[in-house]
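# Working through the structure, step by step
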Amino acid sequence: MIFDFMESFNDNMFVLFLFVIGIACAAGGIPPIIERNRRRSIENQLPGLLESLSDAVGAGRGLQEAMLEQGRNTPGVLGKLLTETLESSHASSFDAALSAFASKTRSSQVQRVIVLIDTAIQQDAPLQNILSDLAMDYERLNDLMNKRESELAGRGILIVLFVCIGLPVLIAFIVGLFAPAKSGYQINDFNSTFSNFFAVASAVGALVSGRMMGRMRDMLWWVPFWMATSMLLYLGAVKMIGG
Amino acid sequence: MRKLDEKKEILYVIRTLDVLMSSGVGLEAALHSIGKGGYGIISKDFSAIMSKLSSGKSRGLEFEIKAMMNKAESDGYRRLLNTMYTNLTQNTDLIETLRKQGKRMEEDRNESVNKYIEDLGGVPETLLSIGMIGPIILAIVGLVPQILGDGAEAIIGSIDQGMINSIVDGGLMLTVLGMILIGLKAHTKDPGL
């Protein structure tokens, strides 16, 4: 029965092709998620680090010494990266170590902060004030980014659930119930048209969901997966209900 | 796209200019520093200005900034360029104005993010409504000839299956188009964080 069920998809080459591509692309979609989590954890720790550095510099410590100490005290990726980079800076200059740290974080926020600190050092600017202002700026920015993410993540997931799962199953239920193939209804062309529609609708839904959360490029990896899922759900549900 | 990029970078550029100029760097050197990169489209613009200046073909920084004002698409960027132009021609207090602009722009950014979240509140339901009503109606239209059988001809006359298929295809395309248009709101109203 299971093989029978699976063989019913043999007529639809596009679904099978999309399913294989979808699985492969979904595997490619995992690294951007991990990278984003890592980057956001670094960025969320940045204001705290800058504030501590501002206090330490205000207390009369040198920036390098303050950074090394804060790096050791800051838990997580940011502290670890900072300590590693500064410890390796014995073989190079402090500027080079800062640049290396900025590029290792792969965060544009950290890179901008480091460029500003570097310029401030070169211009002999008041570091304590600059660090404190930067800490407040980035704290507000991160709060805003976190707010957007937390408020829109639920809605983004809802779109994917509604459009990629709910919609195909609902229509399949209606079609399977009122025009079952086992009663002689000729619905092969109809199913093919509708499954293609659900694939396109799922692609649109997934992209809108990604755009809402500001990560459409990352979501592109998941588009074939959701397209294949909605097509399989529709065709599978029609087959199960309508025979 | 340019407008969104400008909106995304402008606040950082203002903060950087503020830090650089407060610590004694001149406007031209500050523009050169930003032009080196890290601020997207604005870095490219400033880099183009500095290249023109260093090539000797330019009439001066103020003319280049004025020319850039025509190219700028976002209000914030245009306002910043205008502030720099005024500083160059009338020697105004640029740092103070930058601080005020930065504060105002940050308030605008907060407002636009809140509005964005509010505006997108109904998108899932709207997408589902359009994505559901269209296919339900079209599924019935597509299946009517088979469900009603001979009775269909008695009610609505002779039915051309080809025409029914065309109506269903067209309707589904319109449904997708409607979904795209609703989804486009998520892109066009992006506050650019």
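Residues numbered from 1 in each chain as written. Chains lettered and ligands numbered in written order. Predicted model: local features only at pLDDT ≥ 70, side-chain atom pairs only at ≥ 80, totals over all residues.

## Examining the nonpolar core
Ranked by internal contacts, the top residues of the largest apolar core, which has 53 residues, are Val-163, Ala-206, Met-231 and Tyr-234 of chain A together with Leu-127 of chain B. Those elements that provide at least two residues to this core are helix H2 (13–58), helix H7 (127–178), helix H8 (188–212) and helix H10 (223–242) of chain A together with helix H7 (123–148) and helix H9 (161–188) of chain B. Residues in contact with Ala-206 of chain A, not counting those within four places in the same chain, are Val-160, Cys-164, Met-219, Trp-222, Val-223 and Trp-226 of chain A. Counting 52 residues, the second-largest nonpolar core is a separate cluster that includes Leu-78 and Leu-82 of chain A together with Ile-10 and Leu-11 of chain B. (Core = buried A, V, L, I, M, F, W, Y, C linked by C-beta atoms within 7 Å. Buried ≥ 20, exposed ≤ 12 C-beta atoms within 10 Å, placed from the backbone. Helix = DSSP H or I, 4+ residues; strand = E, 2+ residues; numbered from the N terminus. Contact = placed C-beta atoms within 7 Å.)

## Quick word on the domain arrangement of chain A
Residues and elements named next belong to chain A. Along its sequence, chain A is organised into domain 1 (2–38 + 146–242) and domain 2 (40–145). Averaged C-alpha coordinates put domain 1 and domain 2 at centres separated by 44 Å. Mapped by element, the contributors of at least two residues to the side of domain 1 that touches domain 2 are H2 and H7. Counting residues per element, the side of domain 1 that touches domain 2 draws most heavily on H7, which supplies four residues. Taken together, the residues of the side of domain 1 that touches domain 2 break down into no nonpolar, two polar and five charged. (Domains from an automatic or database assignment. Nonpolar A, V, L, I, M, F, W, Y, C, P; charged D, E, K, R; others polar.)

## Quick notes on the interface of chain A and chain B
Contacts between the two partners involve 44 residues from chain A and, on the opposite side, 39 residues from chain B. Looking at the side of chain A that touches chain B, the element that brings in the most residues is H7 of chain A, giving 20 residues. Residue composition of the side of chain A that touches chain B, by class: 29 nonpolar, eight polar and seven charged.

## Side note on unusual backbone geometry
Its identity is not glycine, yet Arg-106 of chain A carries a phi of approximately 55°, on the positive side. Along the chain, the position of Arg-106 of chain A falls in the loop between helix H5 (94–105) and helix H6 (108–122). Residues other than glycine seldom take positive phi values, yet Asn-91 of chain B does so here, at roughly 55°. Note that Asn-91 of chain B resides in the loop between helix H5 (75–90) and helix H6 (94–119).

## Some thoughts on the packing of helix H1 (residues 2–22) of chain B against helix H2 (residues 27–35) of chain B
All names here are of chain B. For the pair H1 and H2, the least separation of the axes is 10 Å and the interaxial angle reads 135°. Accordingly, the angle class assigned to the pair H1 and H2 is oblique. Two packed elements cross with a definite hand, and for H1 against H2 that hand is right-handed. Contacts between H1 and H2 involve Val-13, Thr-16, Leu-17, Leu-20 and Met-21 on the former and, on the latter, Leu-27, Ala-30, Ser-33 and Ile-34. Among the residues forming the contact of H1 with H2, the class breakdown is seven nonpolar, two polar and no charged. (Axes fitted to C-alpha atoms, helices over the stretch in contact; angles between N-to-C directions. Parallel < 35°, antiparallel > 145°, perpendicular 65-115°, else oblique. Left-handed = near helix turned anticlockwise from the far one by under 90°.)

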